[in-house]
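# Close look at the chain arrangement
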Amino acid sequence: MPCIFVSRDTFPEVLYRKLSEVGEVRTYKYGKPAWLTVGIPKEVLKRAAAECDALVVFVGDRVDAEVLSAGSRLKIISTVSVGYDHIDVAEAKRRGIVVTNTPEVLVDATADLAVGLLLALARRIVEGDRLIREGKAYDIWGALIGSDIRGKRAGIVGLGNLGAAIARRLLAFGAEVVYWSRTRKPQVEFALGIKYLSLEELLATSDFVVVSIALTPETYHLINWERLNRMKKGAYLVNVSRGAVVDTEALVRALREGLLAGAALDVFETEPLPHTHELAKFPNVVLTPHIGSAAEETRRMMAEIAAENVVRFFRGQRPLYVVE
């Protein structure tokens with residue numbers, strides 16, 4: 001039977017049960033919550049690649065060329081995530097290794113979080129909570145004034161499935177929704193009644209900017225100092241895509257200089273983000289630890305799809321989601 005290595009022993013049980021239908025399942029005793037983005041040691045991954053036919057990994061596990069070069073038996077890599085920037089896909093393809101992921105299923109959970117972060121910023125929910133806990137809230141109650149969403153312009157950067165789901169939610173709040181995407185989506189524009197703008201115009205005119213674009217070499221630091229400096233004065237930035245889409249140093253500078261009213265981030269260039277990081281010092285910044293998909297039902301389904309991709313492969317069928 002094929003050897004299948006799973007990089008964590010704390011995924012939902014359905015993943016191990018399904019995988020055992022087609023192979024011998026080995027796991028790494030992670031010893032931490034299953035969804036931390038801290039990867040397992042590279043030497044463990046290299047050994048697994050050398051000994052097994054399949055790897056099942058998560059976003060913190062760096063499957064780079066060094067790991068792949070050890071994988072003389074390796075045939076498939078299944079990541080329990082929609083993003084796959086932690087895998088050297090080009091090198092895997094060169095070696096004839098199939099890469100699969102779990103898109104679509106986590107769209108609603110992540111879209112809900114994106115809007116939750118936007119609401120937390122606009123209505124200063126986290127600041128209010130903090131002040132209550134410090135016993136200071138009613139001393140400055142009249143000053144804790146936020147912003148409405150109704151009637152404001154929300155610009156979405158990246159209109160894939162996630163961006164479209166965020167757009168639908170913000171329209172329900174009465175926002176005017178505009179978007180920029182590397183590929184224009186006229187059908188979605190028509191269906192939702194939203195408008196396409198250039199990235200520069202979107203940044204300059206939006207009260208809220210929500211980043212939901214995939215990380216690629218082209219989108220690395222897409223939101224840099226120059227673009228942050230072009231944003232509408234007093235706008236809010238929300239990032240639920242990948243941390244490296246936003247230049248962290250540039251964002252800190254923009255916040256320090258008062259160019260933005262606030263920012264909310266679920267993803268970071270370095271994960272986990274140190275609690276001493278400069279971003280954590282701003283009262284108008286909301287930070288969550290990469291929990292876009294952190295709904296029980298969503299994560300169970302992600303695990304099931306990741307396993308199903310492997311099961312289908314070893315049964316001679318096409319996996320549900322192949323990274324092309």
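What you see is a predicted model; the values in this text were computed from it and never measured. (Residues numbered from 1 in each chain as written. Predicted model: local features only at pLDDT ≥ 70, side-chain atom pairs only at ≥ 80, totals over all residues. Heavy atoms only, no water.)

## Some thoughts on the domain arrangement of the protein
When its domains are assigned, the protein resolves into domain 1 (3-101 + 295-315) and domain 2 (106-287). With centres defined by C-alpha atoms, the gap from domain 1 to domain 2 works out at 31 Å. Between domain 1 and domain 2, roughly 620 Å² of surface is buried when both sides are summed, and carbon and sulfur atoms account for 64% of that area. Interface area lost by domain 1 to domain 2 is led by Thr37, Asp85 and Thr298, which between them contribute 53%. The tally of links between domain 1 and domain 2 comes to 1 salt bridge. If you look at where domain 1 meets domain 2, you find 1 residue pair in polar contact (both at pLDDT 80 or more). Looking at side-chain class alone, the side of domain 1 that touches domain 2 contains 5 nonpolar, 3 polar and 1 charged residues. (Domains from an automatic or database assignment. Buried area = accessible area lost by both parts, 1.4 Å probe. Salt bridge = Lys/Arg side-chain N within 4 Å of Asp/Glu carboxyl O. Polar contact = N/O pair within 3.5 Å; in protein donor to acceptor, adjacent residues only side chain to side chain. Nonpolar A, V, L, I, M, F, W, Y, C, P; charged D, E, K, R; others polar.)

## Notes on the nonpolar core
Of all hydrophobic cores here, the largest spans 31 residues; its most connected members are Leu228, Leu237 and Leu251. Every element with two or more residues in this core is listed here: strand S7 (176-180), helix H9 (199-205), strand S9 (208-211), strand S10 (235-239), helix H11 (248-256) and strand S11 (260-265). Element by element, the count of residues in this core is highest for H11, at 5 residues. Apart from the residues lying within four places of it in its own chain, the contact partners of Leu251 are Leu228, Leu237, Val246, Leu260, Ala263, Leu265 and Leu279. (Core = buried A, V, L, I, M, F, W, Y, C linked by side-chain atoms within 4.5 Å. Buried < 20%, exposed > 50% of the residue type's maximum accessible area, 1.4 Å probe, protein only. Helix = DSSP H or I, 4+ residues; strand = E, 2+ residues; numbered from the N terminus. Contact = heavy atoms within 4.5 Å.)

## Concerning the environment of Glu21
Here Glu21 shows up in the loop between helix H1 (13-19) and strand S2 (24-27). Once the C-alpha coordinates of Glu21 and Met1 are considered, the two residues, 20 residues apart in sequence, prove to be 9.8 Å apart. In contact with Glu21, not counting residues within four places along its chain, are Met1, Val311 and Arg315. A polar contact is formed between the side chain of Glu21 and the side chain of Arg315, at a distance of 3.3 Å.

## Observations concerning the pairing of strand S1 (residues 3-6)
On a regular strand, one side chain projects to one face of the sheet and the next to the other, so that they alternate. On S1, burial covers both faces: Cys3 and Phe5 on one face and Ile4 and Val6 on the other are all buried. Bridge count between S1 and S2: 4 bridges; the pairing is parallel. Each bridged residue has a counterpart across the sheet, and for Cys3 the counterpart in S2 is Glu24. For the handedness criterion, the β-α-β arrangement of S1, H1 and S2 is classed as right-handed. In terms of strand pairing, S1 meets strand S3 (residues 54-57) through 3 bridges, oriented parallel. Considered in S3, the bridge of Phe5 is made with Leu55. (Pairing = 2+ DSSP bridges. Right-handed = clockwise from strand over helix to strand, strands pointing away.)

## Some points on the sheet that holds strand S8 (residues 195-196)
The pairing of strands in a sheet comes from backbone hydrogen bonds and takes either a parallel or an antiparallel form. Strand order across the open sheet formed by 7 strands is S8-S7-S6-S9-S10-S11-S12, with parallel pairing between neighbours. Edge positions in the sheet fall to S8 and strand S12 (285-287), since each has one partner strand and no second. The strands touched by helix H5 (residues 107-122) within the sheet are S9, S10, S11 and S12, with S10 carrying the most contacts at an inclination of about 150°. (Axes fitted to C-alpha atoms, helices over the stretch in contact; angles between N-to-C directions.)

## Some points on the pattern of salt bridges
Going through the model one piece at a time under the given rule, you end up with 31 salt bridges. The shortest N-O distance in the salt bridge between Glu308 and Lys18 comes to 2.8 Å. Separated by 290 residues along the polypeptide, Glu308 in helix H12 (residues 296-314) and Lys18 in helix H1 bring together distant segments of the chain. Between Arg315 and Glu21 there is a salt bridge, and its shortest N-O distance comes to 3.3 Å. Placement of the pair is Arg315 in the segment after H12 and Glu21 in the loop between H1 and S2, with a sequence separation of 294 residues. Judged by its relative accessible area of 44%, Glu21 is partly exposed. Here the residues in one salt-bridge network are Lys42, Glu43, Lys46, Asp64 and Glu66, joined through shared partners.

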